[in-house]
Amino acid sequence: MVHAALVDSLNTVSSSLLRPTSESERLASSSARVASEAELRSLIRGLGGVDAVGVEARSAKLATRSLKKASKVAAIDLAISMVDLTTLEGADTPGRVRSLCTKAMYPDASDPTTPSVAAVCVYPDLVAHARFVLGSSPVAVASVATAFPSGRASLQVKLLDVAEAVAAGADEIDMVIDRGAFLSGRWGQVFDEIVAVKAACGSAHLKVILETGELVTYDNIRAASWIAMLAGADFIKTSTGKVTVNATLPTALVMLEAVRDFSELTAQRVGVKVAGGIRSTKDALKYLVVVNETAGSAWLHPDAFRFGASSLLNDLLMQRRKQRTGAYIRPDELSGD
Amino acid sequence: MSDRLEIRKTFKLVINGAFPRSESGRSYEVQSAQGGFWANAAQASRKDLRDAVVAARAAQGKWWSATAYNRGQILYRWAEMAEERRDELAEHVRASEGVSRDAAQATVSAAIDRIVWYAGWTDKITQVLGGANPVAGPFFNFSLPTPSGVVVVFAPQDDSLLGFVECVLAPLAVGNTVVAVTSTTRPTPAMVLAEMTETSDFPAGVVNVLSGFVDELAPHAATHGDVDGLDLSGVDEGADELARLAAGTIKRVYRPRPLEGDPLRRLRSFVETSTVWHTIGQ
């Protein structure tokens, strides 16, 4: 296995994870943190197993919290500012992307106080169109890459995919991990691929999609989260939205615990993006509660938490208007996708 | 012989083909006409109304795109179900309205017959309200009645079963989906009838029935942008204000007249007219 250059040999990494010491400072300072697949494996095994029943009970409990009045208004605006407005269809056209970008900048044209969303998320060939419309607005252009959504292509193809998206003006790259390699135990390959993609991203932010629906167990989700973070991910993301099981609250909880633990060790804040199947304001607010209670309020920011969604935005806007005027609106008063 | 523990029924709501308790967790006591305890009913909240409107909106396309014949079959099926449980319905009418057993049975018969009457209208209303218009050109021009969409009904407070049937069946027959709020003090006959929608082959969300208080629910129904029609039959006070609120989103509003002479007025109340041009020949 070829691995990224090692700065220092970290023979006792796993124990350092359990007891943060000066070793953890070394983890923070090194750009490449693990020397070999064996070390990666021992490091992640050192984390222990995830209590599946506990995670599900905890997330179900948190989902019963209710936000009212001013907190709800603030949470809706926060959620809007965290949306990665997404269109990932074979039928996407430049025109559709242009209208999506306009909506991203001015989600509710009837109310200029509505915050803009965090980013639009498109396929690489449409990045240039999005960039043209968004110009220098604060809305970022995100692009999926690396043979999204299956990730089944050679590394060269994936890197070229990334390079083209970045060259076309993408600020953020959403890559998929090689689930085949991960599930067959080739964690080093997954790690190396993320490192290589991160290098190809240059200054663009890297979001690593774990596709949690295909990872089966919470232990795998935690392991994949750590591999991605150690390899240099700026965000870890749940799903592509293209498989049956997408983001769930327990999955998000496991990933948020991972970024919290990683941050305690390295003082780096890795973001979390949940994607797929989040359609209602109610769902979005549940995620915000879990974020606050798991990772902390430092993650309640578009730089650290995102929703990958398309129809969610309209529901947020409907609820926002309801809070403002007291009456529900017709869904077709808001622009469609 | 052992004393069997009494099993008391709490009436629940009917929303989207399911029987939820109120989202608010509230219920209220319903008294019989004589004044004793009669039943517990769920007290629907603003959010129950919202959920019901969402369900009704989602179901409307399916209900309207079914054939008129099929809609009639389903409504007729509802009447069949009611016929089978007519004694139970009559018992609820008797207790709620304080009438004799015979009078209650007569009310149930009238209600079931009215369902059948409306079931017959589903594939005839187009001929009555629609037509071919004469135009000066080589075209056919048709006017066709189409449903308004989602209708929120406040059923009459006194006439707990027959009044409910009148208000709910008319919009259903012309292709609307309905969110109905029963009589506040006499909800049980309507709730029993609502339970039968489950076995009548209605697509989920076509008929949604809530029990609760008019004052609490009506203003939200009147201002809700995704509600297309409002039947204020069960609103005694404040109907003017509700009609004014409904005008904000251009809803169709039905208000009962003292001496109604037009048997089709209800059918006519929640339809729009769409006009279609088509070339003649070849």
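Residues numbered from 1 in each chain as written. Chains lettered and ligands numbered in written order. Predicted model: local features only at pLDDT ≥ 70, side-chain atom pairs only at ≥ 80, totals over all residues. Heavy atoms only, no water.

### Quick look at the overall build of chain B
And then number 1: When helices and strands are tallied, chain B shows 10 helices and 11 strands.
And then number 2: For 282 residues, the compact-globule estimate of 2.2 N^0.38 gives 19 Å, and the C-alpha radius of gyration of chain B, at 20 Å, lies within 12% of that figure.
And then number 3: Principal-axis analysis of the C-alpha atoms gives chain B an extent of 85 × 40 × 35 Å.
And then number 4: Out of the 282 residues belonging to chain B, those deemed buried represent 51%.
And then number 5: With the model as given, the accessible surface of chain B reaches about 13000 Å², and the carbon-plus-sulfur share is 52%.
And then number 6: Between the averaged position of the 28 positive side-chain charges in chain B and that of its 34 negative side-chain charges there is a distance of 4 Å. (Helix = DSSP H or I, 4+ residues; strand = E, 2+ residues; numbered from the N terminus. Rg over C-alpha atoms; globule rule 2.2 N^0.38 Å. Buried < 20%, exposed > 50% of the residue type's maximum accessible area, 1.4 Å probe, protein only. Areas by Shrake-Rupley, 256 points an atom, 1.4 Å probe, with all protein chains shown as cover. Lys, Arg positive; Asp, Glu negative; His and termini not counted. Charge placed at Lys NZ, Arg CZ, Asp CG, Glu CD.)

### Topic: the packing of helix α5 (residues 69–81) of chain A against helix α14 (residues 311–325) of chain A
All names here are of chain A.
And then number 1: The contact between α5 and α14 brings their axes to 10 Å, and the two run at 150°. The orientation of α5 with respect to α14, classified from their angle, is roughly antiparallel. The two elements α5 and α14 meet at a crossing, and its hand is left-handed. In this structure, α5 contributes K72, V73, I76, D77, A79 and I80 to the contact, and α14 contributes L313, L316, L317, Q319, R320 and Q323.
And then number 2: In terms of residue class, the contact of α5 with α14 is built from seven nonpolar, two polar and three charged. (Axes fitted to C-alpha atoms, helices over the stretch in contact; angles between N-to-C directions. Parallel < 35°, antiparallel > 145°, perpendicular 65-115°, else oblique. Left-handed = near helix turned anticlockwise from the far one by under 90°. Contact = heavy atoms within 4.5 Å. Nonpolar A, V, L, I, M, F, W, Y, C, P; charged D, E, K, R; others polar.)

### Focus: the packing of aromatic side chains
All names here are of chain B.
And then number 1: If you walk through the whole model with that rule in mind, you get 12 aromatic pairs over all chains.
And then number 2: Ring geometry for W117 versus W121: centroids 5.8 Å apart, planes at 80°, classification edge-to-face. Taken as a pair, W117 and W121 lie in helix α4 (residues 101–121) at a separation of four residues, close to a single helical turn.
And then number 3: Between F139 and W277 the ring centres are 5.7 Å apart and the planes differ by 85°, which places this aromatic pair in the edge-to-face class. One end of the pair, F139, is in strand β5 (residues 139–147); the other, W277, is in strand β11 (residues 271–279), with 138 residues separating them in the sequence.
And then number 4: You can call W277 exposed: its relative accessible area is 53%. (Phe/Tyr/Trp six-rings, centres within 6.5 Å; stacked < 30°, edge-to-face > 60°.)

### Considerations on helix α11 (residues 218–230) of chain A
Residues and elements named next belong to chain A.
And then number 1: The end-to-end C-alpha separation of α11 is 18 Å, in line with the 18 Å expected for 13 residues at 1.5 Å each.
And then number 2: Burial runs high along α11: 12 of the 13 residues are buried.
And then number 3: The set of residues buried in α11 consists of Y218, N220, I221, R222, A223, A224, S225, W226, I227, A228, M229 and L230.
And then number 4: With its phi angle positive at about 110°, G232 sits one or two positions after the end of α11. (Expected span 1.5 Å × (residues − 1).)

### Considering the pattern of salt bridges
Residue and element names in this part refer to chain B.
And then number 1: By the definition in use, this model includes 42 salt bridges over all chains.
And then number 2: D226 is paired through a salt bridge with R57; the nearest N and O atoms lie 3.1 Å apart. With a gap of 169 residues between them, D226 in the loop between α8 (214–223) and β9 (229–231) and R57 in helix α1 (residues 46–65) connect regions that are remote in the sequence.
And then number 3: When the shortest N-O distance is used, the salt bridge between R77 and E80 registers 3.2 Å. (Salt bridge = Lys/Arg side-chain N within 4 Å of Asp/Glu carboxyl O.)

### A closer look at the interface of chain A and chain B
And then number 1: On the chain B side, the residues contacting the nine residues of chain A number 10 residues.
And then number 2: Summed over the three residues of chain A that lose the most area to chain B, namely A327, Y328 and R330 of chain A, the buried surface amounts to 61% of that side.
And then number 3: Counting the contacts that link chain A with chain B gives one salt bridge.
And then number 4: D228 of chain B is paired through a salt bridge with R330 of chain A; the nearest N and O atoms lie 2.7 Å apart.
And then number 5: There are five residue pairs in polar contact (both at pLDDT 80 or more) connecting chain A and chain B.
And then number 6: Per-class residue counts for the side of chain A that touches chain B are four nonpolar, two polar and three charged. (Buried area = accessible area lost by both parts, 1.4 Å probe. Polar contact = N/O pair within 3.5 Å; in protein donor to acceptor, adjacent residues only side chain to side chain.)

### Quick word on the pairing of strand β8 (residues 207–210) of chain B
All names here are of chain B.
And then number 1: Here β8 shows no split at all, with V207 and V209 on one side and N208 and L210 on the other all buried.
And then number 2: Pairing of strand β7 (residues 177–181) with β8 involves four bridges; the strand directions are parallel. What sits directly across from V181, in β8, is L210.
And then number 3: Between the parallel pair β7 and β8, the chain is carried across by helix α7 (residues 188–195), and the sense of this crossover is right-handed. (Pairing = 2+ DSSP bridges. Right-handed = clockwise from strand over helix to strand, strands pointing away.)

### Some details on the layout of surface pockets
Over the atoms rolls a probe the size of a water molecule, and in doing so it shows where empty space is left.
And then number 1: Within this model, the largest pocket holds a volume of roughly 710 Å³.
And then number 2: In terms of lining residues, the largest pocket is bounded by 29 residues, among which S280, K282, D315 and Q319 of chain A together with R50 of chain B are the most central.
And then number 3: Partitioned by chemical class, the residues of the lining of the largest pocket number 11 nonpolar, six polar and 12 charged.
And then number 4: Estimates place the volume of the second largest pocket at around 410 Å³.
And then number 5: As for the second largest pocket, its lining consists of 24 residues, and the residues nearest its centre are T86, G241, G276, A309 and S310 of chain A.
And then number 6: Every element with two or more residues in the lining of the second largest pocket is listed here: β7 (271–275), β8 (305–309) and α14 of chain A. (1 Å grid on protein atoms, 1.4 Å probe; cavity = no way out; pocket = protein on both sides within 12 Å on 5 of 7 lines; lining within 4 Å. Points joined across faces, edges and corners; volume = space filled by probe spheres on them.)

### Details of the packing of helix α10 (residues 187–201) of chain A against α11 of chain A
All names here are of chain A.
And then number 1: It is at 8 Å that the axes of α10 and α11 come closest, and there the two elements cross at 40°. Viewed along their axes, α10 and α11 adopt a mutual orientation that is oblique. Considering the relative orientation of α10 and α11, their crossing is right-handed. Contacts between α10 and α11 involve W187, V190, F191 and I194 from the first element and A223, I227, A228 and L230 from the second.
And then number 2: Of the residues assigned to the contact of α10 with α11, the class counts are eight nonpolar, no polar and no charged.

### Details of the confidence of the model for chain B
And then number 1: When the pLDDT values of chain B are averaged, the result is 95; 99% of them are 70 or greater.
And then number 2: Here the predicted complex scores 0.85 on pTM and 0.79 on ipTM. (pLDDT = per-residue confidence, 0-100.)

### Regarding helix α8 (residues 155–167) of chain A
Residue and element names in this part refer to chain A.
And then number 1: The terminal C-alpha atoms of α8, which comprises 13 residues, lie 18 Å apart, in line with the 18 Å expected from a rise of 1.5 Å per residue.
And then number 2: Residues K158, D161, V162 and A165 constitute the buried set of α8. Taken around the axis of α8, the buried residues stretch over an arc of 95°, which confines them to a single face. Exposed side of α8, more than 90 degrees from the buried face: Q156, L160, E164 and A167 are the residues found there.
And then number 3: Buried residues in α8 make contact with α7 (127–134), β3 (140–145), β4 (172–176) and α10. (Arc of directions from axis to C-beta.)

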